[in-house]
Structures are given as C-alpha cells and as structure tokens.
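Chain residues, written in single-letter form:
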Amino acid sequence: MPGCFKKTLCALASLVSFVSFILTVVAMGTPKWMTGRILCKTGADLVNATDPELVKFIGEIYYGLFRGGKIRQCGLGGRRSKFTVFPHMVKKLNTGLHVMIIMFLCVAIFFSLVSFGFCILNAIKVPYRAIKGPAGICLWNFLAGGFIVLAVTSFMAAVKLHHLTERIANFRENVFQFVILEEQFEDCFWLCVASATAHAVNLLLIAISCINFPKIKTKTEEANVTAEDIMY
C-alpha cells in the first residue's frame, strides 16, 4: 500500500486529470474560441462612408471548432446568421489543419482519461510495473499536455497565418466582402490553455510524490531504541 502522503497526491492528481478532461470537452463543444468585429467593405465603399457612418457597416463574428455565428451590418440593419464548419465550410478553410486541431484534442482527451485511471490505481496500491507507476502517470500527462499545446498552437497558426476569421466571415458571400477590424481569443480557447497547465501541475505533483522524505522519530521511539541497544 502507498503511504498516506503519496495516496493524497495521487488522488489530487486524478482530480486534476479529470478536471482537464472536462475542460477540454467543454472547450471543444462551445462555439466561442474567437470573437471579432467585421467591416462590410463593399457597403462602406459604395456610399463612401466616413468615420461616423462606418458604425452602420461594422458587425460581429464568433466561432469555434464546429459552429459559430455572425451579425452582418451592410447599412440596412444587422442580420444574424449561424453556420456550421462541417461539412461545407471546412472545404474553404485549411481542411488538414482544422482536422488536425480536432484530432489533437481528441487524443489529449484520451490520454487525460488514461492519466486519471493510472492516478487512481497508484492511490490504491503500488503497481509492480514501472509504466503503471509514477513514470507512467508522467508519460500520460506529458502526452496529454503536449497534444493540447499542439492543438492550441495549430489554432493560433490558423488564425494568424491562414486568416481563419476572414475566411469564415466571407464564406458564401457573393456580393459583399468583409474585412477583419479586430479579433481576440475567447474563454473556450483559454480553457484549453488551462487544461494543458493542469497536466503540467500533475507532473509537478507526481514528482513531489516520488520524493522520499526522512521519517521523523518521536522521543519515545528514540528512547526505546536506546534501551534495546543497551540490552544487546
């Protein structure tokens, strides 16, 4: 049986792994990874809009990995619309990169659950195989955190290098052209960052659990040991 200190840390690590799993699942399912303001350039150019009039042509957009929505402002009031990334829009995006982001997060979810199971196992008993012990927990957490970091980095590359927001804003827009005024990462994106951080915390917890702290002897024990030494 593992010691009380190790059991506590393993139980805490299992909780952190489960929280990371929940954070990643929630982040994948919500449609607000990015928000931004979009300008209807075509409408603004048609009326030669000045700065005070540009407000009538500035809309909003938000999206996640699977769906999103936008408010089109082209001078005649706002029009709300919603969209899904699959199966049609993804063809206009960087399809391979978008699918890779989703795959990275799915693999990270799997390794988070594996880490959760191994932490529970180590809290209950001391495994015979090293891969099932602290070394295994560190491996699964490293892999889970690593895949989340890859997903987050890939999404940032899609936004900044491949102009993801602009591509989504102009999807199926045959008449009007939209340009991005500003964009920012939202809570769901930061949930993934928090999930990766949770796995880093787990690595720290497991490292601490492997430290063999010296046992502190009480005065009674020291007195008994001295008496035995005298007898023998």
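Look up: the structure comes first, before these words.
Remember, predicted model here, so these are calculated numbers, not experimental data.

A. Representation of the packing of helix H4 (residues 134-160) against helix H6 (residues 187-209) within the structure. As a packed pair, H4 and H6 sit with axes 9 Å apart at the nearest point and diverge in direction by 160°. If you check the angle between H4 and H6, you find them roughly antiparallel. Crossing handedness for the pair H4 and H6: left-handed. Contacts between H4 and H6 pair Pro 134, Ile 137, Cys 138, Asn 141, Phe 142, Ala 144, Gly 145, Ile 148, Val 149, Val 152, Phe 155 and Met 156 from the former with Phe 189, Cys 192, Val 193, Ser 195, Ala 196, His 199, Asn 202, Leu 203 and Ile 206 from the latter.

B. Structural detail: the nonpolar core. Trp 33, Tyr 63, Leu 65, Leu 105, Phe 155, Leu 164 and Ile 168 are the most contacted members of the largest nonpolar core, which has 44 residues in total. Looking at this core, the elements that each hand over two or more residues are helix H1 (4-29), strand S1 (34-40), strand S2 (58-63), helix H3 (95-124), H4, helix H5 (164-169), strand S5 (178-185) and H6. The greatest single-element share of this core, amounting to 7 residues, is contributed by H3. Leaving out residues up to four positions away in the same chain, Phe 155 has contacts with Trp 33, Met 34, Tyr 63, Leu 65, Ile 101, Leu 164, Phe 185 and Phe 189. Of all hydrophobic cores here, the second largest spans 13 residues; its members include Leu 9, Ala 13, Cys 119 and Trp 140.

C. Structural detail: the layout of surface pockets. Computed from the structure, the largest pocket encloses a volume of approximately 150 Å³. Every residue lining the largest pocket is listed: Lys 32, Thr 35, Gly 36, Glu 60, Ile 61, Tyr 62, Gly 69, Lys 70, Ile 71, Arg 80, Ser 81 and Lys 82. Going through the elements one at a time, S1, S2, strand S3 (67-73) and strand S4 (78-84) are the ones with two or more residues in the lining of the largest pocket. When the residues that make up the lining of the largest pocket are grouped by side-chain class, the tally is 3 nonpolar, 4 polar and 5 charged.

D. Here's a closer look at the pattern of salt bridges. Counted by the stated rule, this structure contains 5 salt bridges. A salt bridge links Glu 173 to Lys 70; the shortest N-O distance between them is 3.0 Å. Of this pair, Glu 173 sits in the loop between H5 and S5 while Lys 70 sits in strand S3; the two residues are 103 residues apart in sequence, bridging distant segments of the chain. Pair check on accessibility: Glu 173 and Lys 70 agree, each one buried. The closest approach of N and O atoms between Glu 183 and Lys 160, which form a salt bridge, is 3.9 Å. Placement of the pair is Glu 183 in strand S5 and Lys 160 in helix H4, with a sequence separation of 23 residues. Judged by relative accessible area, which is 48%, Lys 160 ranks as partly exposed. Shared partners join several salt bridges into a network, and the residues in it are Lys 70, Arg 72 and Glu 173.

E. Up close: the pairing of S1. Extensive coverage of S1 is indicated by the burial of 6 of its 7 residues. Bridge analysis of S1 against S2 gives 6 bridges, and the strand direction is antiparallel. By the bridge assignment, Arg 37 is partnered in S2 with Glu 60. Two elements, S1 and S5, share 7 bridges in a ladder whose sense is antiparallel. By the bridge assignment for S5, Ile 38 is matched with Ile 180.

Here is what the cut-offs are and how they apply
- Residues numbered from 1 in each chain as written.
- Predicted model: local features only at pLDDT ≥ 70, side-chain atom pairs only at ≥ 80, totals over all residues.
- Heavy atoms only, no water.
- Axes fitted to C-alpha atoms, helices over the stretch in contact; angles between N-to-C directions.
- Helix = DSSP H or I, 4+ residues; strand = E, 2+ residues; numbered from the N terminus.
- Parallel < 35°, antiparallel > 145°, perpendicular 65-115°, else oblique.
- Left-handed = near helix turned anticlockwise from the far one by under 90°.
- Contact = heavy atoms within 4.5 Å.
- Core = buried A, V, L, I, M, F, W, Y, C linked by side-chain atoms within 4.5 Å.
- Buried < 20%, exposed > 50% of the residue type's maximum accessible area, 1.4 Å probe, protein only.
- 1 Å grid on protein atoms, 1.4 Å probe; cavity = no way out; pocket = protein on both sides within 12 Å on 5 of 7 lines; lining within 4 Å.
- Points joined across faces, edges and corners; volume = space filled by probe spheres on them.
- Nonpolar A, V, L, I, M, F, W, Y, C, P; charged D, E, K, R; others polar.
- Salt bridge = Lys/Arg side-chain N within 4 Å of Asp/Glu carboxyl O.
- Pairing = 2+ DSSP bridges.

So far we have only geometry, and geometry alone does not tell us how the molecule works.
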